[in-house]
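Understanding the architecture of this molecule
The chain contents come next:
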Amino acid sequence: MFVLSKRDFGFGLMGMFGTTTAAAAGETGGQSHVGSFDLTFLKANDVENDSLARFIRKNWFAMDQIAVERGLMVDYRLLVSTGNEPDWDMVVVVGYPTQDGYAGIAKEFEAIRAAHTTVPINGKTLRQLGSIVSSRRLVPG
């Protein structure tokens, strides 16, 4: 898990995904091209930070791994804040090969989601562990 300071959040997405400036510009040079990043910010309930992170890895990332294998996604990461601001505790960053992001793969990903069986953490699902507070799409500049 990558730990992130909220103050330094905007730096290093391209490097984190193993892409270069040339790859971001469409010159892949053997690396995966990232056309966009979708960021999903989550807030854990009470003291559920670790459990929420485990839930993301066991559920969201199980599906995301299938999407990567099928070429629907480039990569995915969970970043956990080291700050103590109340807005969010962690962010899931997903890299897509096009600027359409999730909308470009929705039909294929929904089939992956339909085949997935939710794995509760300590008997709890996402709603008991935390909530999505916002999401953003970023594209390489």
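The structure under discussion appears in the preceding block.
Small disclaimer: the values here were computed from a predicted structure and weren't measured.

Examining the pattern of salt bridges
Charged atoms that come close allow side chains of opposite charge to pair. A full pass over the atoms with the stated rule returns five salt bridges. The closest approach of N and O atoms between Glu48 and Lys124, which form a salt bridge, is 2.4 Å. Placement of the pair is Glu48 in the loop between strand S2 (36-44) and helix H3 (49-69) and Lys124 in the loop between helix H4 (106-115) and helix H5 (126-129), with a sequence separation of 76 residues. Linking Arg113 and Glu110 is a salt bridge whose minimum nitrogen-to-oxygen distance equals 3.2 Å. Of this pair, Arg113 and Glu110 both sit in helix H4, three residues apart, roughly one helical turn.

Focus on the environment of Asp100
Its location among the elements puts Asp100 in the loop between strand S4 (90-96) and H4. Accessibility expressed as a relative area gives 48% for Asp100, which makes it partly exposed. Note: C-alpha distance between Asp100 and Asp38 (62 residues apart in sequence) is 9.8 Å. Among residues more than four places away in sequence, those in contact with Asp100 are Ser36 and Arg137.

Section: the side chain of Asn59
Secondary-structure assignment places Asn59 in helix H3. We classify Asn59 as buried; its relative accessible area is 2%. Side chain to side chain, Asn59 and His116 meet in a polar contact 2.9 Å long. Residues contacting Asn59, with those up to four places away along its chain left out, are His116, Thr117, Thr118 and Val119.

Remarks on the layout of surface pockets
Taken as a whole, the largest pocket encloses approximately 290 Å³ of empty space. In terms of lining residues, the largest pocket is bounded by 14 residues, among which Thr40, Trp60, Asp64, Tyr96 and Arg113 are the most central. Per-class residue counts for the lining of the largest pocket are nine nonpolar, two polar and three charged. Looking at the second largest pocket, its volume works out to about 160 Å³. Around the second largest pocket, the lining residues are Phe55, Asn59, Trp60, Met63, Arg113, His116, Thr118, Thr125, Leu126 and Arg127. Elements supplying a minimum of two residues to the lining of the second largest pocket: H3 and H5. Taken together, the residues of the lining of the second largest pocket break down into four nonpolar, four polar and two charged.

Topic: H3
The end-to-end C-alpha distance of H3 is 28 Å, a good match for the 30 Å that 21 residues give at a rise of 1.5 Å each. In H3, a bend of some 40 degrees at Phe61 exceeds every other bend along the element. Turning to H3, its buried residues number three or more, namely Ser51, Leu52, Ala53, Phe55, Ile56, Asn59, Trp60, Phe61, Met63, Asp64 and Ala67. Elements in contact with the buried residues of H3: S2, strand S3 (75-81), S4, H4, H5 and strand S5 (130-138). The first or second residue beyond H3 is Gly71, which carries a positive phi of 80 degrees.

Topic: the pairing of S2
Burial within S2 is extensive, with eight of its nine residues counted as buried. When S2 meets S4, the two strands line up antiparallel, connected through seven bridges. Counted as the bridge partner of Leu42 is Met90 from S4. Relative to S5, S2 runs antiparallel, the two sharing eight bridges.

What counts, and where the lines are drawn
- As a convention, each chain's residues are numbered from 1 in the sequence order in which they are written.
- Whole-chain, interface and lining totals are the exception, using all residues; otherwise, since this is a predicted model, local features are given only for residues with pLDDT of at least 70 and side-chain atom pairs are given and counted only at 80 or more.
- Hydrogen atoms and water are omitted, and side-chain values are computed over all heavy atoms in the structure.
- A carboxyl oxygen of Asp or Glu within 4 Å of a side-chain nitrogen of Lys or Arg is what we treat as a salt bridge.
- Segments assigned H or I by DSSP are reported as helices when at least four residues long, segments assigned E as strands when at least two residues long, and all are numbered from the N terminus.
- Under the scheme applied here, a residue whose accessible area is under 20% of the maximum for its type counts as buried, over 50% as exposed, and between as partly exposed, the area being computed with a 1.4 Å probe on protein chains only.
- Should any heavy atoms of two residues lie within 4.5 Å, those residues are considered in contact.
- The definition of a polar contact used here is a pair of N or O atoms within 3.5 Å, where within protein one atom must be able to donate a hydrogen and the other to accept one, and adjacent residues in sequence count solely through side-chain atom pairs.
- Here a cavity means grid points, on a 1 Å grid over the protein atoms only, where a 1.4 Å probe fits yet cannot get out; a pocket means an open set of points with protein on both sides within 12 Å along at least five of seven lines; lining residues are those with an atom within 4 Å of a point.
- Grid points are joined across faces, edges and corners, and a volume is the space filled by probe spheres set on the points.
- Residues are sorted three ways: Asp, Glu, Lys and Arg are charged, Ala, Val, Leu, Ile, Met, Phe, Trp, Tyr, Cys and Pro are nonpolar, and all the rest, Gly among them, are polar.
- Expected helix span is taken as 1.5 Å per residue step, with the number of steps being one fewer than the number of residues.
- The seven residues ending at a residue and the seven starting there each receive a fitted axis; the angle between those axes is the bend at that residue.
- A pair of strands counts as paired when DSSP detects no fewer than two bridges linking them.

None of this, on its own, says anything about what the molecule does.
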